[in-house]
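Overview (structure and organization)
Here are the chains, one letter per residue:
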Amino acid sequence: MRTGGLTLKIFLLIVLNDIGDTVAQLLMKKGLLHTGIGDITPGNFTEFVAGNAASPLVWAGMAIFILNFFIWIVVLSRVDLSIAMPVGSTSYIFVPLAAMFFLHEAVSPLRWAGIILIAVGIHFVSQSKKPGEGKAPA
Amino acid sequence: MIKVLVFVIISEIWTAIGQVLFKKSVNSLGVHSLRGIRNQKRFLKNVLTHPSIWMGLSCMVAGMLVWLMALAQGDLSLVYSAGSIQYVMILFLAHYLLGEKIDRMKFIGTFLVFFGIILITIS
């Protein structure tokens, strides 16, 4: 299957996908915080499940997550994974930023260093040669 | 901390198996053009009647549920970043189960991801 280059429309779809992922994770975490269970044990497991099954935030997060899956498939049908993945890996930066601003989580410099390594690593993975491709483009 | 990571790893194992099952099933369908509504309809019908796709989806759902348990017990910035362990798992699963080649770029990238996760967990 031949896929084309990155157009503005596809770029915006990828950004939308990143934002969707960030919002989904944020909503799920926010919903989970509401139940107040920070340590799941066999004793409070039923309470955990019941509390979250009734949480609109958790459901909203999961709905956006599933919707995002379809946006991603549309993106992949239009551009190569080597183009989509680096733009998509920015969610590894977006999510901790959102966690800092909206959930007041503390992200240490060492954790940021780890996050940046992950994003760079994903970039490398996505630039690897495709099967049947003679030479990777420079 | 260790408990959160165990939940993340269990969740990502399910997700990774789901991905491999997806890839295995679309591989077995053969490469067809996806241009045009007729080809797309045929592809969708083949995919939805494929048992491995449904097995893969079930794995994804299981992964999602364990993900919520991880997310409940750890900071979002930790759980989300640690979730990138999936790249490491997929590299090996794709190699051993799907016969995909690991080239130098993929190996370096996956190593960087792994090193990043170590930094996150000791922070």
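Only a predicted model underlies this, so the values are computations on that prediction, with no experimental measurement involved. (Residues numbered from 1 in each chain as written. Chains lettered and ligands numbered in written order. Predicted model: local features only at pLDDT ≥ 70, side-chain atom pairs only at ≥ 80, totals over all residues.)

Quick notes on the overall build of chain B
So the rule is basically this: Under the DSSP-based scheme used, a helix requires at least four consecutive residues in state H or I and a strand at least two consecutive residues in state E, with every element numbered from the N terminus. Exposed residues have 12 or fewer other C-beta atoms within 10 Å of their own C-beta, buried residues have 20 or more, and residues in between are partly exposed; the C-beta atoms are placed from the backbone.
On a plain count of helices and strands, chain B comes out with six helices and zero strands. Reading the secondary structure of chain B in the N-to-C direction produces α-α-α-α-α-α. In terms of its C-alpha atoms, chain B occupies a principal-axis envelope of roughly 50 × 35 × 25 Å. Within chain B, the fraction of its 123 residues that count as buried is 36%.

Let's talk about the interface of chain B and chain A
Spelled out, the test is: Any pair of residues counts as being in contact when their C-beta atoms, constructed from backbone geometry, are within 7 Å of one another.
Opposite the 28 residues of chain B that make contact, chain A presents 36 residues. Among the elements of the structure, α3 (51-73), α4 (76-82) and α6 (104-122) of chain B are those that each provide at least two residues to the side of chain B that touches chain A. Take the side of chain B that touches chain A: its biggest share by element is 12 residues, from α6(B).

Looking at the nonpolar core
Put simply, the test is: The term nonpolar core refers to a group of buried residues, namely Ala, Val, Leu, Ile, Met, Phe, Trp, Tyr and Cys, whose C-beta atoms join them within 7 Å.
Judged by nonpolar contacts, the single largest core of 45 residues is most densely connected at Ile118(A), Ala70(B), Leu71(B) and Val79(B). Dropping the residues within four chain positions of it, Ile118(A) is found in contact with Tyr92(A), Ser81(B), Ser84(B), Val113(B), Gly116(B) and Ile117(B). Core analysis: the next-biggest nonpolar cluster, separate from the first, contains six residues, Ile14(A), Val75(A), Val79(A) and Val87(A) among them.

Re the confidence of the model for chain A
Detail in the predicted coordinates should be disregarded across regions flagged by low pLDDT. Residues and elements named next belong to chain A. Heads up, the rule is: Here pLDDT means the predictor's own confidence in every residue, given as a number from 0 to 100.
On average, residues of chain A score 86 in pLDDT, and 89% of them reach the 70 mark or higher. Within chain A, helix α5 (residues 91-103) carries the highest mean pLDDT (95), whereas helix α4 (residues 81-88) carries the lowest (79). Taken as a whole, residues 134-138 scores under 50 in pLDDT and shows one contact with residues more than four places along the chain or in a different chain.

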